[in-house]
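Structural characterization, general
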Amino acid sequence: MKKRYLLAPGPTPVPERVLLAMAMPILHHRSPEFEPIFQEVRDGLKWIFQTANEVLLFASSGTGAMEGAVTNLLSRGDEAICVRGGKFGERWAEICKAYGVVAHNIDVTWGEAVDPAAVREALKKHPKTKAVYFQACETSTGVGHPVKEIAATVRENSDALIICDGITGIGVNDLPVDDWGIDVAVAGSQKAFMLPPGLAFASVSARAWKSAETADLPKYYFNWKTEHGAHLKNQSAWTPAVSLMIGLREALRMMKEETLPAMFERHARLAEATRAGAQALGLELFAPKSPATALTAIKGPEGIDTGKITKTLRDQLGVTIAGGQSQLKGKIFRISHFGYVTRFDVLTGLVALEIALQSLGYPVKLGEGVKAAEERLGL
Ligand SMILES: Cc1ncc(COP(=O)(O)O)c(C=O)c1O
């Protein structure tokens, strides 16, 4: 028998409570039964995004909300700044290019966070910039970008909109969208929301809605004004992912029971323990200066392709983590520790890592990584 453990940075594990909630018979979305569900979900999203503004829901993966954050805010020929420090930063630039937006890219060394000074420089160089796009957490490199500082820099130096991909940030780190002046934050269900993939979210500020008035890029399904109008009537424009929304209601209830501060503290502690565990095994962190909270990116030991590590973990030990993408393929591996994850999941991941490394010929003293992690977990 093989029991599977999911420690990849999305999809993340789904709690039994949420699975059971989603197993209830399907409801019609234009019915009195569905209305209170939608209302509770809308309220809960405002709570987790820490915003008074409406948070839009879409039946798509996170990229759908990213695309909408370009097409609903900008017009052909507009200028934008994209922070490119990994695969997902590249995605912002690709979406802009696809729609004829002129993207000025800040290329950040993979494994490092963007320096807010570089954002200031770019804004000075490109004063017509309408929006600045960046990640809270660059999942491909395991880097946490300084969201608060970036947002403050943009505000101080321009009128550009501040657009944060919080797909592996919202619900993991404290990201008070309104307090920090983030105009649009996007997120996805398969991350900290502890749901299967299929829902995307976007909080939209008053400034962003003003821009939406004149934005002329083509859109239909992801027309935010249409969706917003429907949401304000406690409806969705199109057929919503009913079962996922019922699951979301349950997941939000679980998050509320835990409370935001406890959730952020748990994630921070799990991240610290994972880093300590990896380092105790003699491994090097890929992003030591600004490691993400959602996941830890670890360099493969000299001479070992990290594809072998992820394969051994998955096929022999039943533990799914993620490898490196693009230029990092074979070079790093990534262990996730957010969403429905506790200290015992982190320890399981480290035990499995020790066993896998040993079987691949890397000198490991079994238990050393686990011990270092346990010490950080306050067990
Ligand atoms: C930071 C970040 N942005 C964007 C995405 C893309 O989201 P999706 O795969 O849900 O479209 C991901 C997914 O891993 C991500 O981690």
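The model shown is predicted, which means the values in this text are computed figures rather than measured ones. (Residues numbered from 1 in each chain as written. Predicted model: local features only at pLDDT ≥ 70, side-chain atom pairs only at ≥ 80, totals over all residues.)

1. A word on helix α12 (residues 343–359)
Between its first and last C-alpha atoms α12 spans 25 Å; for 17 residues at 1.5 Å apiece the expected length is 24 Å, and the two agree. Among all positions of α12, only Asp345, Val346, Leu347, Gly349, Leu350, Ala352, Leu353, Glu354, Ala356 and Leu357 are buried. Looking at the buried residues of α12, the elements they touch are β1 (5–6), α10 (260–280), α11 (306–317), β12 (319–320), β14 (332–336) and α13 (368–377). Gly361 sits one or two residues past α12 and shows a positive phi near 90 degrees. (Helix = DSSP H or I, 4+ residues; strand = E, 2+ residues; numbered from the N terminus. Expected span 1.5 Å × (residues − 1). Buried ≥ 20, exposed ≤ 12 C-beta atoms within 10 Å, placed from the backbone. Contact = placed C-beta atoms within 7 Å.)

2. Digging into the sheet that holds strand β13 (residues 322–323)
The strand order β11-β14-β13 describes an open sheet built from three strands, whose pairing is antiparallel. Both edges of this open sheet fall to β11 (295–299) and β13, since each of them pairs with a single strand only. As paired elements, β13 and β14 share two bridges and run antiparallel to each other. Bridged to Ala322 within β14 is Arg334. Across the sheet, α10 lies against β11 and β14, angled at about 15 degrees from β11, the strand it touches most. (Pairing = 2+ DSSP bridges. Axes fitted to C-alpha atoms, helices over the stretch in contact; angles between N-to-C directions.)

3. A closer look at unusual backbone geometry
In this chain, Gly10 is followed by Pro11 through a cis amide linkage whose omega measures -5 degrees. With respect to the element layout, Pro11 can be found in the loop between β1 and α1 (16–22). The backbone phi angle of Met194 is positive, close to 60 degrees, even though this residue is not glycine. Take Met194: it is sitting in the loop between β9 (184–188) and β10 (200–204). A positive phi angle, close to 80 degrees, is found at Thr259, a residue other than glycine. Looking at where Thr259 falls in the secondary structure, it is placed in the loop between α9 (242–258) and α10. For Thr259, a count of 10 C-beta atoms within 10 Å gives the class exposed.

4. So, the domain arrangement of the protein chain
Here the domain parsing of the protein chain yields domain 1 (16–257) and domain 2 (259–377). On a C-alpha basis, the centroid separation for the pair domain 1 and domain 2 is 28 Å. Across the boundary between the two partners, domain 1 contributes 21 residues, which contact 22 residues of domain 2. Residue composition of the side of domain 1 that touches domain 2, grouped by class: eight nonpolar, nine polar and four charged. (Domains from an automatic or database assignment. Nonpolar A, V, L, I, M, F, W, Y, C, P; charged D, E, K, R; others polar.)

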